[in-house]
Amino acid sequence: MTMTERLLEATKEIWAGYNEKPFVKGIADGSLDHDKFKYYMIQDYLYLIDYTKVFSIGRQINGSRIYALFAGYTHSILDGRWIFTVLTWKRLGITREEAEQTPVALDNLSYTSYMLRIAYEGA
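Residues numbered from 1 in each chain as written. Predicted model: local features only at pLDDT ≥ 70, side-chain atom pairs only at ≥ 80, totals over all residues. Heavy atoms only, no water.

Caption draft 1: Spotlight on the overall build of the protein chain. Along its length, the protein chain carries seven helices and zero strands. In sequence order, the secondary structure elements of the protein chain are arranged as α-α-α-α-α-α-α. Structurally, the protein chain occupies a C-alpha span of about 45 × 40 × 25 Å along its principal axes. Looking at the protein chain residue by residue over its 123 residues, the buried ones come to 28%. In the protein chain, the proportion of contacts linking residues at least 24 apart, taken out of those at least 6 apart, comes to 72%. Per element, the accessible surface of the protein chain, about 8,900 Å² overall, is 60% carbon and sulfur. Charged side chains in the protein chain number 14 positive and 15 negative. The centres of these two groups are separated by 4 Å. (Helix = DSSP H or I, 4+ residues; strand = E, 2+ residues; numbered from the N terminus. Buried < 20%, exposed > 50% of the residue type's maximum accessible area, 1.4 Å probe, protein only. Contact = heavy atoms within 4.5 Å. Areas by Shrake-Rupley, 256 points an atom, 1.4 Å probe, with all protein chains shown as cover. Lys, Arg positive; Asp, Glu negative; His and termini not counted. Charge placed at Lys NZ, Arg CZ, Asp CG, Glu CD.)

Caption draft 2: Structural detail: the environment of I27. Mapping I27 onto the fold places it in helix 3 (residues 22–29). Assessed through its relative accessible area of 42%, I27 is described here as partly exposed. Taking the C-alpha atoms as reference points, I27 and E13, 14 residues apart in sequence, are found 20 Å from one another. Not counting residues up to four positions away in its chain, the partners in contact with I27 are L32 and F37.

Caption draft 3: Structural context of the pattern of salt bridges. Scanning the model with the defined rule gives six salt bridges in all. Residue E9 is joined to K12 by a salt bridge in which the shortest nitrogen-to-oxygen separation is 3.0 Å. Two residues, K25 and E20, come together in a salt bridge whose shortest N-O distance is 3.1 Å. For K25, a relative accessible area of 39% gives the class partly exposed. (Salt bridge = Lys/Arg side-chain N within 4 Å of Asp/Glu carboxyl O.)

Caption draft 4: Expanded view of the packing of aromatic side chains. Applying the stated criterion to the full structure yields 10 aromatic pairs. Relative to Y111, the ring of Y47 lies with its centre 6.0 Å away and its plane at 10 degrees, an arrangement referred to as stacked. Here Y111 lies in helix 7 (residues 106–122) and Y47 lies in helix 4 (residues 34–58), a separation of 64 residues in the sequence. Taken together, the ring pairs in this structure connect Y47, Y51, F55, F70, Y73 and Y111 into an aromatic cluster. (Phe/Tyr/Trp six-rings, centres within 6.5 Å; stacked < 30°, edge-to-face > 60°.)

Shown next, in the form of structure tokens:
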């Protein structure tokens, strides 16, 4: 059994529990409040900006395999996730200006600041 398989097995109840959260259920069945989903999508966009930076920092690590891997992650985030985000914005009535003028929530900022600090320390 691989390390990933062992970790997934050890946490399968936790992961299953996520599907029972009201927010996740609301997304699945369409009952989530429009403003809550809009808030989530804007914060996710703001998160993705810093998440992409983490992989861009990782590209500075020596070694062509790591560089190519992290460049691929950056590409996937920018091309794949952004398309989903922009299409969802249209359905929710979110403009880029609105998203860019929205302050980053404290929990979001705390998490991305931590990720960026670790990335800079490892670069």
